[in-house]
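Given next are the chains, with one letter for each unit.
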Amino acid sequence: MDSGLFTINNVWMMICTGLVFFMHLGFSLLEIGLTRQKNTINILFKNLFIICAGLLMYYIGGFNLMYPGFEEGSAGILKFAGFGISAPENGMLAEYASGGYTWWTDFLFQGMFAATAATIVSGAVAERIKIGGFMIFVVIYVGLIYPIVGSWKWGGGFLDAMNFYDFAGSTLVHSVGGWAALVAIFILGPRIGKFNENNKPQPIPGHNIPFAAAGVLILWLGWFGFNGGSVLSADPAITSLVLVTTSLAAAAGGISAFLTSTLMYKNYDLTMFLNGILGGLVGITAGADLMSPNEAVVIGLIAGVVIVFGVALIDKLKLDDPVGAVAVHLICGIWGTLAVGIFGSMAGIDQFFIQLAGVGIVGAFCVISTFIILKTIKAVAGLRVSEIEELEGLDRHEHGMDAYPDFRSNEH
């Protein structure tokens, strides 16, 4: 391969790595904006911990657990290539990864993905989880559970052998986080005041919707790296198609969610519009490289409807998800994965059932493992803050800080 092309491919992958890293700011702003100001420091702390601890855990063992070197065509389930990271002999050459990138770029790009799964859980459990318990969960989930699931497909394991397809992670990233979020909010219970004495859901408005809107726009930008980088090179044809299908699905998801929610609730709900955009992005992620623009729009339109009914379903089940993470990442992640069997170049009844089987296998593993992890943390260290801590805010009790101090009290 020409050295110039190898360099261009690698530079594109590094740019995509930066874009995926930038998504952590988007997740932070979205979560802050849709929750109350008394928990802002707590949310920032969690999201900073996720990226720092996630990257370190991926370095310690996660990368070699996710890419352990299964034999091609094997039904690999679990293998570990050892602790730490060191580049192989050809890791800096075009022979590695067909000239798409170097080994170091590979590690960093995949490490950014690993941390993303835990940010999904952070939003769902916001305003009531103990910071210590959450940090323990992140270390285990990012360091162990996510890499094992990833190895089954992207690492050449049994899901790959059965022809399961997930281009950039509708299931392997978003649903992995979404299943954990669902179990976590079930175990934690709703925030105080979320449901009244008649078990009717009550709105708990976020304190900074402009932050939430900025967060979604940053996430959309980051998705160009998330999906665009998953081409694993700067191939002009595939990369440009992926960016087009990603954008069209996001736009369609936003329009669809706002129209559906307007018809149902008779108001222009900005938060539903925002989550519709995210739902469209999650929905296209499994098959962004397989879909035509028309198919991407249809996938996004359906994802927007799914969001509105998904949020309503979570409320009906008496679960409390402050940012709509389960509807966006789990339900739309499932939809996007199944869409590979309905639309695009791999569509067919056999592929649909392969996709469905993959969703079920990953879901069962994530639900069982999350339940065990969180129940153990709850028994040993406790999982939910006290009533007074929740009412007065986690910033004051967990961190001894205020995100918005009243400087007027210091004026003379």
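Relevant structure appears above.
Okay, so let's go over this structure. (Residues numbered from 1 in each chain as written. Predicted model: local features only at pLDDT ≥ 70, side-chain atom pairs only at ≥ 80, totals over all residues. Heavy atoms only, no water.)

**What about the overall build of the protein?**
Note the following rule: In this description a helix means any DSSP run of H or I spanning at least four residues, a strand means any run of E spanning at least two, and both kinds are numbered starting from the N terminus. For the radius of gyration, the atoms used are the C-alpha atoms, and the globule rule reads 2.2 Å times the number of residues raised to 0.38. Every residue pair with non-hydrogen atoms within 4.5 Å of one another is taken to be in contact. Only the protein chains shown count as cover for residues, and all accessible areas are computed by the Shrake-Rupley method using a 1.4 Å probe. For the charge count, each Lys or Arg is scored as positive and each Asp or Glu as negative, with His and the chain ends excluded. All charge positions are set by atom: Lys at NZ, Arg at CZ, Asp at CG, Glu at CD.
Broken down by element type, the protein carries 14 helices and zero strands. In the protein, the succession of α and β elements from N to C terminus is α-α-α-α-α-α-α-α-α-α-α-α-α-α. In summary, the protein has a C-alpha radius of gyration of 21 Å against a globular reference of 22 Å for 412 residues, a match within 12%. Seen through its C-alpha atoms, the protein measures out along the principal axes to roughly 65 × 45 × 45 Å. Counting contacts in the protein only where the partners sit at least 6 residues apart, residues at least 24 apart contribute 78% of the total. Here the protein displays about 16600 Å² of accessible surface, and carbon together with sulfur accounts for 68% of that area. Averaging the positions of the 18 positive and the 28 negative side-chain charges in the protein gives two centres separated by 14 Å.

**Regarding the side chain of His-174**
With respect to the element layout, His-174 can be found in helix α6 (residues 170-188). His-174 has contacts with Ile-120, Gly-169, Trp-223, Phe-226, Val-282, Thr-285, His-329 and Leu-330, leaving out every residue within four places of it along the chain.

**Notes on the packing of α6 against helix α12 (residues 349-380)**
Put simply, the rule reads: Angles shown run from 0 to 180 degrees and are taken between the N-to-C directions of axes, each axis being a line fitted to C-alpha atoms and, for helices, limited to the stretch in contact. Angles are sorted into four bins: roughly parallel if under 35 degrees, roughly antiparallel if over 145, roughly perpendicular if 65 to 115, and oblique for all others. Crossings are sorted by hand: turned counterclockwise from the far helix by less than a right angle, the near helix makes the crossing left-handed, and turned clockwise it makes it right-handed.
Axis separation between α6 and α12 bottoms out at 9 Å; the angle between their running directions is 40 degrees. Taken together, the axes of α6 and α12 are oblique relative to one another. Pair α6 / α12 crosses with right-handed handedness. Mapping the contact onto sequence places Thr-171, Val-176, Trp-179, Ala-180, Val-183, Ala-184 and Ile-187 in α6 and Val-359, Val-362, Gly-363, Cys-366, Val-367, Thr-370, Phe-371, Leu-374, Lys-375 and Lys-378 in α12.

**Re the nonpolar core**
Applicable threshold: The term nonpolar core refers to a set of buried residues drawn from Ala, Val, Leu, Ile, Met, Phe, Trp, Tyr and Cys, joined through side-chain atoms within 4.5 Å. Three exposure classes are used, based on accessible area relative to the maximum for each residue type with a 1.4 Å probe and protein chains only: buried under 20%, partly exposed in between, and exposed over 50%.
Val-125, Phe-137, Tyr-141, Tyr-146, Trp-223, Phe-226 and Leu-278 are the most contacted members of the largest nonpolar core, which totals 105 residues. No other element matches helix α3 (residues 103-124), which puts twelve residues into this core. Here Tyr-141 is in contact with Tyr-146, Pro-147, Val-176, Ala-180, Cys-366, Ser-369, Thr-370 and Ile-373, once residues within four sequence places are set aside.

**Quick notes on the pattern of salt bridges**
This is how it is decided: The salt bridge definition used is simple: a Lys or Arg side-chain nitrogen within 4 Å of an Asp or Glu carboxyl oxygen.
Applying the stated criterion across every chain, the model contains eight salt bridges. Salt-bridge contacts for Glu-127 lead to Arg-191; the nearest nitrogen and oxygen are separated by 2.4 Å. Separated by 64 residues along the polypeptide, Glu-127 in the loop between α3 and α4 (131-153) and Arg-191 in the loop between α6 and α7 (209-228) bring together distant segments of the chain. Of the two residues, Glu-127 and Arg-191, both sit in the buried class.

**What about empty space enclosed by the protein?**
Here is the rule: Within this scheme a cavity is a closed region of a 1 Å grid, computed over the protein atoms alone, that accommodates a 1.4 Å probe without allowing it to escape, whereas a pocket is open but has protein on both sides within 12 Å along at least five of seven lines; lining residues each have an atom within 4 Å of a point. Grid points are joined across faces, edges and corners, and a volume is the space filled by probe spheres set on the points. When residue character is reported, Ala, Val, Leu, Ile, Met, Phe, Trp, Tyr, Cys and Pro are called nonpolar, Asp, Glu, Lys and Arg charged, and the others, Gly included, polar.
Applying the stated criterion to the full structure yields one cavity of 30 Å³ or more. Of the voids in this model, the largest cavity is the one considered here, and its volume is about 100 Å³. Forming the boundary of the largest cavity are 13 residues, of which Phe-27, Leu-30, Val-323, Ala-325 and His-329 lie nearest the centre. Taken together, the elements giving at least two residues each to the lining of the largest cavity come down to α1 (3-33), α3, α9 (270-285) and α11 (325-339). A per-class count over the lining of the largest cavity returns seven nonpolar, five polar and one charged.

**What to know about a nonpolar patch on the surface**
For the record, the criterion: Only residues whose relative accessible area exceeds 30% and that form no salt bridge enter a patch; like-charged residues are grouped when within 9 Å of one another, and nonpolar side chains (Val, Leu, Ile, Met, Phe, Trp, Tyr) when within 5 Å.
Together, Leu-56, Tyr-59, Ile-60, Phe-80 and Phe-83 line one region of the surface with nonpolar side chains, adding up to about 530 Å² of accessible area. Mapped onto the secondary structure, Phe-80 falls in the loop between α2 (40-66) and α3.

**Topic: the layout of surface pockets**
Over the atoms rolls a probe the size of a water molecule, and in doing so it shows where empty space is left. Counted as a void, the largest pocket has a volume near 670 Å³. Every residue lining the largest pocket is counted, 28 residues in all, and those nearest its centre are Lys-194, Asp-269, Thr-271, Val-311 and Asp-315. When residues of the lining of the largest pocket are traced back to their parent elements, those giving at least two are α9 and α10 (293-316). With five residues, α10 is the largest single contributor of residues to the lining of the largest pocket. A volume near 410 Å³ is recorded for the second largest pocket. Tyr-67, Gln-110, Trp-154, Phe-167 and Leu-232 are, among the 20 residues lining the second largest pocket, the residues nearest its centre. Elements with a minimum of two residues in the lining of the second largest pocket: α2 and α3. The element contributing the most residues to the lining of the second largest pocket is α3, with five residues.

**Examining α7**
Test applied: To estimate the expected span of a helix, subtract one from its residue number and multiply by 1.5 Å. The quantity called bend is, for any residue, the angle between two axes fitted respectively to the seven residues ending at it and the seven beginning at it. N or O atoms closer than or at 3.5 Å make up a polar contact, with two conditions inside protein: a donor-capable atom paired with an acceptor-capable one, and, for residues adjacent in sequence, both atoms drawn from side chains.
The end-to-end C-alpha separation of α7 is 28 Å, in line with the 28 Å expected for 20 residues at 1.5 Å each. Most pronounced at Gly-222, the bend in α7 amounts to some 30 degrees. Among all positions of α7, only Ala-212, Gly-215, Val-216, Ile-218, Leu-219, Trp-220, Gly-222, Trp-223, Gly-225, Phe-226, Asn-227 and Gly-228 are buried. The backbone nitrogen of Phe-211 has a side-chain oxygen 3.1 Å away, supplied by the residue at the start of α7, namely Asn-208.

**Here we look at the packing of α10 against α11**
Running from amino to carboxyl end, α10 crosses α11 at an angle of 140 degrees, the nearest separation of the two axes being 9 Å. When the axes of α10 and α11 are compared, the pair comes out oblique. For the pair α10 and α11, the crossing hand works out as right-handed. Here α10 contributes Ile-299, Ile-302, Ala-303, Val-306, Ile-307, Gly-310, Val-311 and Ile-314 to the contact with α11, which in turn contributes Val-326, Ala-327, Val-328, Ile-331, Cys-332, Trp-335 and Ala-339. Across the contact of α10 with α11, the residue classes tally to 14 nonpolar, one polar and no charged.

**Describing the packing of aromatic side chains**
By convention here, two paired aromatic rings are described through the distance between centres and the angle between planes. Our working definition: Stacked, edge-to-face and tilted are the three classes for Phe, Tyr and Trp ring pairs, Trp counted by its six-membered ring, which pair at centre distances within 6.5 Å; planes under 30 degrees apart are stacked, over 60 edge-to-face, the rest tilted. Distance and angle both matter: a charge sits over a ring if NZ of Lys or CZ of Arg is within 6 Å of the ring centre and within 35 degrees of the ring normal.
All chains considered together, the criterion is met by 19 aromatic pairs. For the ring pair Trp-103 and Trp-104, a centre distance of 5.0 Å and an interplane angle of 80 degrees mean the geometry is edge-to-face. With a relative accessible area of 41%, Trp-104 lands in the partly exposed category. When the ring of Phe-258 is compared with that of Phe-273, the centres are 5.3 Å apart and the planes differ by 25 degrees; the resulting orientation is stacked. One end of the pair, Phe-258, is in helix α8 (residues 236-265); the other, Phe-273, is in helix α9, with 15 residues separating them in the sequence. Looking at Phe-258, the relative accessible area reads 18%, which means it is buried. Members of the aromatic cluster, connected to one another through ring pairs, are Tyr-58, Phe-63, Tyr-67, Trp-103, Trp-104 and Phe-107. Positioned above the aromatic ring of Phe-134 is the side chain of Lys-46, whose terminal nitrogen or guanidinium carbon lies 5.2 Å from the ring centre.

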